[in-house]
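These are the residues of each chain, in order.
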Amino acid sequence: MAKTKGHGNPRWSRDETILALRLYLETEDRIPGPSDQRVIELSQLLRRYPLHEQAARKLTFRNPDGVAFKLQNLRSVATGKGLGNTSEMDRAIWKEFGHRREAVNQIADTITSAVLSNEPSVEVEDDFEFQEGRLVTRIHKSRERSPKLRERVLMARKAADTVACDACGILP
């Protein structure tokens, strides 16, 4: 994720591009400008996105101008008109989700919840990524694989005498 391009900011991630696609699909090809409240709100959300190191972010990181530009890129992929400076990520996300508005909304809601939850970003190996993107995958893996969390859950369940398998309910 440390690679940069353009104005020196990190490249847009899958998660961020899905969030932008949701706004693009909501606008129905009437791309809002940087002063539009929806663009400003998306910019604010993207600036809270925890997977890009603060040191890699410039002052322009995911500002409203950049968000509006991303929407133009998505429009170009969708219509073949406009800017030709689209990324592989833009094209891949459009190919996967461009005609699946409900799926985009569901995934974008999950990503938004993860960003707003203020969960710590835990470094885990990136051998697999849910379609919801890297942030949701990392939160899931950190919860699933955290030995400290497992220990706390087991201690609490032992204290309450409720130690059982979550999947089948069998007691040890």
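Residues numbered from 1 in each chain as written. Predicted model: local features only at pLDDT ≥ 70, side-chain atom pairs only at ≥ 80, totals over all residues. Heavy atoms only, no water.

Q: For this particular structure, what's the right way to read the overall build of the chain?
A: Within the chain one finds seven helices and two strands. Counting from the amino terminus, the chain carries its helices and strands in the arrangement β-β-α-α-α-α-α-α-α. Of all 172 residues assigned to the chain, the portion counted as buried reaches 37%. (Helix = DSSP H or I, 4+ residues; strand = E, 2+ residues; numbered from the N terminus. Buried < 20%, exposed > 50% of the residue type's maximum accessible area, 1.4 Å probe, protein only.)

Q: What am I meant to see in the nonpolar core here?
A: For soluble globular proteins, nonpolar side chains are generally found buried alongside one another. If you look at the biggest cluster of nonpolar residues, it comprises 27 residues, and the most contacted ones within it are Ile18, Leu19, Leu21, Tyr24, Leu42, Leu71 and Phe97. Secondary structure elements with two or more residues in this core: helix H1 (14-27), helix H2 (37-48), helix H3 (64-79), helix H4 (88-97) and helix H5 (101-116). Among the elements that line this core, the one with the most residues is H1, at seven residues. (Core = buried A, V, L, I, M, F, W, Y, C linked by side-chain atoms within 4.5 Å.)

Q: What is the right way to look at H5 in this model?
A: The end-to-end C-alpha distance of H5 is 22 Å, a good match for the 22 Å that 16 residues give at a rise of 1.5 Å each. Three or more residues of H5 are buried, namely Ala103, Val104, Ile107, Ala108, Ile111, Thr112, Ala114 and Val115. End-on view of H5: buried residues confined to an arc of 160°, all on one side of the axis. (Expected span 1.5 Å × (residues − 1). Arc of directions from axis to C-beta.)

Q: Would you explain the packing of aromatic side chains in this entry?
A: How two aromatic rings sit relative to each other is given by the distance of their centres and the angle of their planes. Across all of its chains, the model carries one aromatic pair by this definition. The interplanar angle of 80° and the centroid separation of 6.1 Å between the aromatic rings of tyrosine 24 and tryptophan 94 together place this pair among those described as edge-to-face. Note that tyrosine 24 is positioned in helix H1 and tryptophan 94 in helix H4, a separation of 70 residues in sequence. Judged by relative accessible area, tyrosine 24 falls into the buried class, the value being 5%. Taking relative accessible area as the criterion, tryptophan 94 reaches 13% and is therefore assigned buried. (Phe/Tyr/Trp six-rings, centres within 6.5 Å; stacked < 30°, edge-to-face > 60°.)

Q: I would appreciate a short explanation of the pattern of salt bridges in the present structure.
A: Counting across every chain of the model gives five salt bridges. The residue glutamate 96 makes a salt bridge to arginine 14 at a minimum N-O spacing of 3.0 Å. Taken together, the positions of glutamate 96 in helix H4 and arginine 14 in helix H1 put the pair 82 residues apart, joining distant regions of the chain. The class of glutamate 96 is partly exposed, set by a relative accessible area of 31%. (Salt bridge = Lys/Arg side-chain N within 4 Å of Asp/Glu carboxyl O.)

Q: What's the story with the side chain of arginine 57 in this structure? I'm lost.
A: With respect to the helices and strands, the residue arginine 57 is situated in the loop between H2 and H3. Among buried Asp, Glu, Lys and Arg side chains, arginine 57 stands out as unpaired, with glutamate 16 the closest opposite charge at 6.5 Å. A polar contact of 2.7 Å, which involves the side chain of arginine 57, links it to the backbone oxygen of arginine 47. Among all residues touching arginine 57, those that are not within four sequence positions of it are Asn9, Pro10, Arg47, Tyr49, Pro50 and His52. (Lys, Arg positive; Asp, Glu negative; His and termini not counted. Polar contact = N/O pair within 3.5 Å; in protein donor to acceptor, adjacent residues only side chain to side chain. Contact = heavy atoms within 4.5 Å.)

Q: Would you explain the side chain of threonine 112 in this entry?
A: Take threonine 112: it is sitting in helix H5. Among the residues examined, threonine 112 registers a relative accessible area of 15% and is labelled buried. Among the polar contacts made by the side chain of threonine 112, one reaches the side chain of arginine 22 at a distance of 3.1 Å. Apart from the residues lying within four places of it in its own chain, the contact partners of threonine 112 are Leu19, Arg22 and Leu45.

Q: How should unusual backbone geometry be read in this particular structure?
A: Excluding glycine, most residues fall at negative phi; most peptide bonds, likewise, are trans. One non-glycine residue with positive phi stands out, namely arginine 62, at about 45°. Inspection of the secondary structure puts arginine 62 in the loop between H2 and H3. Residue arginine 62 is classed as buried on the basis of its relative accessible area of 4%.

Q: Hey, could you run me through H1 in this one?
A: Note: α-helices contain 3.6 residues per turn, so residues at a spacing of three or four share the same orientation. End to end, H1 covers 20 Å across 14 residues, agreeing with the expected 20 Å (1.5 Å per residue, within 8%). When you tally the buried positions in H1, you get 13 out of 14 residues, the bulk of the element.

Q: Help me out: how do you make sense of the packing of H1 against H2 in this one?
A: The description of two helices packed together rests on the angle between their axes and the distance between the axes. Packing of H1 against H2 leaves a shortest axis separation of 11 Å and a crossing angle of 170°. By the angle between their directions, the pair H1 and H2 is classed as roughly antiparallel. Mapping the contact onto sequence places Glu16, Leu19, Ala20, Leu23 and Thr27 in H1 and Arg38, Val39, Leu42, Leu45 and Leu46 in H2. In terms of residue class, the contact of H1 with H2 is made up of seven nonpolar, one polar and two charged. (Axes fitted to C-alpha atoms, helices over the stretch in contact; angles between N-to-C directions. Parallel < 35°, antiparallel > 145°, perpendicular 65-115°, else oblique. Nonpolar A, V, L, I, M, F, W, Y, C, P; charged D, E, K, R; others polar.)

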